[in-house]
Amino acid sequence: MKITQLYFEDTAFGKEMSSWAESMGIEAIKYDSKNDVELEQIEGLLLFHENHAIGKSQSEWLSIFEGKQRGISKIDLNGTLSVAASNFSLWLDRNRCKSVLAIGSEELVKNVNMERFLNELKKS
């Protein structure tokens, strides 16, 4: 895995991502504010969603990263997971993001495909 730092929000989804990052040897960093100086250090956004349903908070993050012209990768957990994992790997190669903010709605932790996708990433 090319990521060295994974930023996460203090939510159930964020805690799930933090646990996964630590299991992969990736530094997990809790991130709270969209206006923080720390935002300048984050090189990419990893947005998890179901069937392209993106909530208000996630839309705000998209706008911030689009405005800063930073890389964004969207993962549909109800899509083909092996394709999503492959596309994410290609995105990492192309954008060379070492620090990424992972976001998603609270409901995603209940989606069985969340664990499947993260396990797919462990293989690559």
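Conventions we followed
- Residues numbered from 1 in each chain as written.
- Predicted model: local features only at pLDDT ≥ 70, side-chain atom pairs only at ≥ 80, totals over all residues.
- Heavy atoms only, no water.
- Axes fitted to C-alpha atoms, helices over the stretch in contact; angles between N-to-C directions.
- Helix = DSSP H or I, 4+ residues; strand = E, 2+ residues; numbered from the N terminus.
- Parallel < 35°, antiparallel > 145°, perpendicular 65-115°, else oblique.
- Left-handed = near helix turned anticlockwise from the far one by under 90°.
- Contact = heavy atoms within 4.5 Å.
- Nonpolar A, V, L, I, M, F, W, Y, C, P; charged D, E, K, R; others polar.
- Pairing = 2+ DSSP bridges.

**Q** Could you clarify how one ought to interpret the packing of helix H3 (residues 81–95) against helix H4 (residues 112–123) in this entry?
**A** Each pair of packed helices can be summarised by the angle the axes make with each other and by the distance between the axes. Closest axis-to-axis distance for the H3/H4 pair is 9 Å, and the angle between their directions is 45 degrees. The angle between the axes of H3 and H4 places the two elements in the oblique class. The hand of the H3/H4 crossing is right-handed. From H3, Leu81, Ser82, Ala84, Ala85 and Phe88 reach across to H4, where they touch Asn113, Arg116, Phe117, Glu120 and Leu121.

**Q** Looking at this structure, I do not really get the packing of helix H1 (residues 12–23) against H4. What am I missing?
**A** At a minimum axis separation of 11 Å, H1 and H4 run at an interaxial angle of 25 degrees. One way to sum up the angle between H1 and H4 is to call them roughly parallel. The hand of the H1/H4 crossing is right-handed. On the side of H1, the interface is formed by Phe13, Glu16, Met17, Trp20 and Ser23, while H4 contributes Met114, Leu118, Leu121 and Lys122. Split into classes, the residues belonging to the contact of H1 with H4 amount to six nonpolar, one polar and two charged.

**Q** When you look at the sheet that holds strand S3 (residues 44–49) in this model, what are you seeing that I'm missing?
**A** Working definition: the strands of a sheet are paired by backbone hydrogen bonds and lie parallel or antiparallel to each other. Strand order across the open sheet formed by five strands is S2-S1-S5-S3-S4, with parallel pairing between neighbours. Of all strands in the sheet, those bounded by a partner on one side alone are strand S2 (27–30) and strand S4 (71–76). In this sheet, neighbouring strand axes are inclined to one another by 25 degrees on average, regardless of whether the strands run parallel or antiparallel. Looking at chain direction, S3 and S4 are connected through six bridges and run parallel. Paired with histidine 49 across the bridge in S4 is aspartate 76. Its contacts with the sheet put H1 on strand S1 (5–8), S2, S3 and strand S5 (99–103), and the angle it makes with S1 is roughly 165 degrees.

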